[in-house]
Amino acid sequence: MLGKRLGGAIPIAIYAVHATMFGQWLVDDGMISMAYARTFAETGILTQQPGVVPVEAVSNPTWTFLWAGLVKLHLADAGWDLFGIPDYVVATRALGLLFFVATLWALGAFLRAVAPERWRVGAAIAGTILAVSPPFVIWSVAGLENPIYGLCIAGLLAWIARASIQDRIAAPAVAVGATIIAFLAAATRPDGLIYLGVLPLVVLILNWRKPALVARSWLVSVLTFGVLAAPALYLRWTTYHALLANTAVAKPLGFDRKELLSRLLDLFVMGGWVLPLAVIAALVVWFRTSRTPGQRGVWATSLVMLVCGAFVYVILPNDWMGEYRFATPVFVTAAAVLGAVYVTVAWRRKQVIAGCLLVVIAATMLPRSLAFATHATYPGCYVADRYGRLYNSYVNMLALKDPVVMLPDVGGSLMTADFRIVDLAGLADKQVARLKVTYADWGPHLIDYVVDEAKPDLIAFGWPWDPGFEKSDRFMAAYIAFGSPGTREYVRRDKVSSEQMLLDLKALAARVEPQIEARWKANRLASCGPLVRGEMAR
């Protein structure tokens, strides 16, 4: 009994140790959600900054509202620290661990349906696979929504599997529960919408000769979704006057057919082919040994969810953050499948098979964590220093009234800026997003918008967010460069009162910018202390 209890502690311990490899790093996009949560906690409006026109630049309301609750309770973003670790880092790591434990529990519920007498061991195997998987752990501590998303996937898998084993898969209550879980997944990531179709598809596969039963289950699913979606759409419309989040406009779905195969192969190449090939082999063996309709239902559910996860990963555009951020559902379902096959098919040779599988997976996957820790994706604290605090110093030197700054990176900037931010990437700016979608050659239109409408006092830009500013006579007539060598930063000419002021601004940039760059080049896993609006560059 003690061994069974300790089995659940092993993956939790491995996850906790694995998470420490990434220090106090948070990705910049995660701080966008933190900024929205802070504003919501302060004003009751889910928007980027207090007092600005609301723009929905987050697509993870469940995570953002959860974070807002922590802010309201002073459990995050309140200025305290734990042994020198800022509260927002502590909260992010704690949430990652808590949601991992909850995901482990959901996987246990799934495996209890598959093998009631051996589910604890299977859950330990599945949890350990997740705990050693760099993409799963990295994005569960990055400040993004992946921890909730993984729990939703595991919860949906467990819910449908239990119903299948109990021969209740077409029951109305099952359809209601599955739709609620899938809706939470969709409210966590937009591509979670695909999981609304998992139960209806599985019901059709298992009951295709009973059209009335299938139709009833489908109808309940549709009605449940309507009840959930209607108020959400109403709130979106009344707040933002749009039916889609601005992120969907700024980053429209689109893919090149030629890239589909390479994206699919990308999933297989990860980890040296070991994990995906193991999952495929496990599915084949599991199918051949599934005897009852309930077992076949669990197998079909696992297959459908794996296909859904792989399909979403393949059709989504390449993610600049890297390390399989969009593949969390694939990892969770794959771990569940391997755990299920282990306790149902490979039980007699459990020690050898489990040990070999985990050792091989760890050997092929963990080096990815070491590489990522060295070159961690765009730290939010770097952006807070580079564009938030430093531009507060620029604004203060120029003595700007109601300052407006256009920036290409807004996560850490929103957390520290004491000026209104115009998002050059378009996520938090409706007009920029529309220009990029409306015009194939959007550069000249964006330059006109900057010069004639947005009129930022200061602007920073660079690849890929450069429509050709420095080649535009209109822009160069309105703005003058001030950044240190190698940067592309400009101030509006009419905001510089004298030649001496411009020299002072250039001197500040030349002194502070290299210090910030050197500090973050040396350690990309550091934090940056309390994130306070209006704080100047250090």
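Draft legend 1. Structural detail: the pairing of strand 7 (residues 489-492). Neither face of strand 7 is left uncovered, since the one carrying Glu 489 and Val 491 and the one carrying Tyr 490 and Arg 492 both have all their residues buried. Two strands pair when backbone bridges link them, and strand 5 (residues 458-460) and strand 7 are joined in this way by 3 bridges, in the antiparallel orientation. Along strand 7, the bridge assignment pairs Leu 458 with Val 491. Bridge count for strand 6 (residues 479-481) against strand 7 is 3 bridges, and the pairing is antiparallel. Within strand 7, the residue paired with Ile 480 across the bridge is Val 491.

Draft legend 2. A look at the sheet that holds strand 5. Read across the sheet, 5 strands follow the order 4-3-5-7-6 without closing on themselves; strand pairing throughout is mixed. A single partner strand is all that each edge strand has here, and the edge strands are strand 4 (420-423) and strand 6. Across this sheet, the average inter-strand angle for adjacent strands is 25°, counted without regard to direction. Taken together, the 4 bridges between strand 3 (residues 404-407) and strand 4 define a ladder with parallel strand orientation. Residue pairing across strands places Val 404 opposite Arg 420, the latter belonging to strand 4. Lying over the sheet, helix 17 (residues 380-398) contacts strand 3, strand 5 and strand 7, oriented at roughly 155° with respect to strand 5.

Draft legend 3. Representation of the pattern of salt bridges within the structure. Under the counting rule described, the total for this entry stands at 19 salt bridges. Arg 325 is paired through a salt bridge with Asp 319; the nearest N and O atoms lie 2.8 Å apart. Here Arg 325 falls in the buried class, since its relative accessible area comes to 7%. Close ionic contact of Asp 494 with Arg 492 constitutes a salt bridge, the shortest N to O distance being 3.6 Å. In this structure, a network of salt bridges that share partners links the residues Asp 385, Arg 389, Arg 519 and Glu 535.

Draft legend 4. A look at the state of the cysteines. A complete count under the given rule lists 1 disulfide for this structure. Across a sulfur-sulfur distance of 2.2 Å, Cys 381 and Cys 528 are joined as a disulfide pair. Judged by the sign of its S-S torsion, about -65°, the cystine formed by Cys 381 and Cys 528 is left-handed. Taken together, the residues span a long stretch of sequence, with Cys 381 in helix 17 and Cys 528 in the segment after helix 22 (499-522) at a distance of 147 residues. Residue classification places Cys 381 among the buried positions, given a relative accessible area of 3%. Among the residues examined, Cys 528 registers a relative accessible area of 2% and is labelled buried. Free cysteine: Cys 152, not disulfide-bonded; nearest cysteine sulfur from Cys 308 at 15 Å. The exposure class of Cys 152 is buried, given its relative accessible area of 9%. Judged by relative accessible area, Cys 308 falls into the buried class, the value being 11%.

Rules of the game
- Residues numbered from 1 in each chain as written.
- Predicted model: local features only at pLDDT ≥ 70, side-chain atom pairs only at ≥ 80, totals over all residues.
- Heavy atoms only, no water.
- Buried < 20%, exposed > 50% of the residue type's maximum accessible area, 1.4 Å probe, protein only.
- Helix = DSSP H or I, 4+ residues; strand = E, 2+ residues; numbered from the N terminus.
- Pairing = 2+ DSSP bridges.
- Axes fitted to C-alpha atoms, helices over the stretch in contact; angles between N-to-C directions.
- Contact = heavy atoms within 4.5 Å.
- Salt bridge = Lys/Arg side-chain N within 4 Å of Asp/Glu carboxyl O.
- Disulfide = S-S within 2.5 Å.

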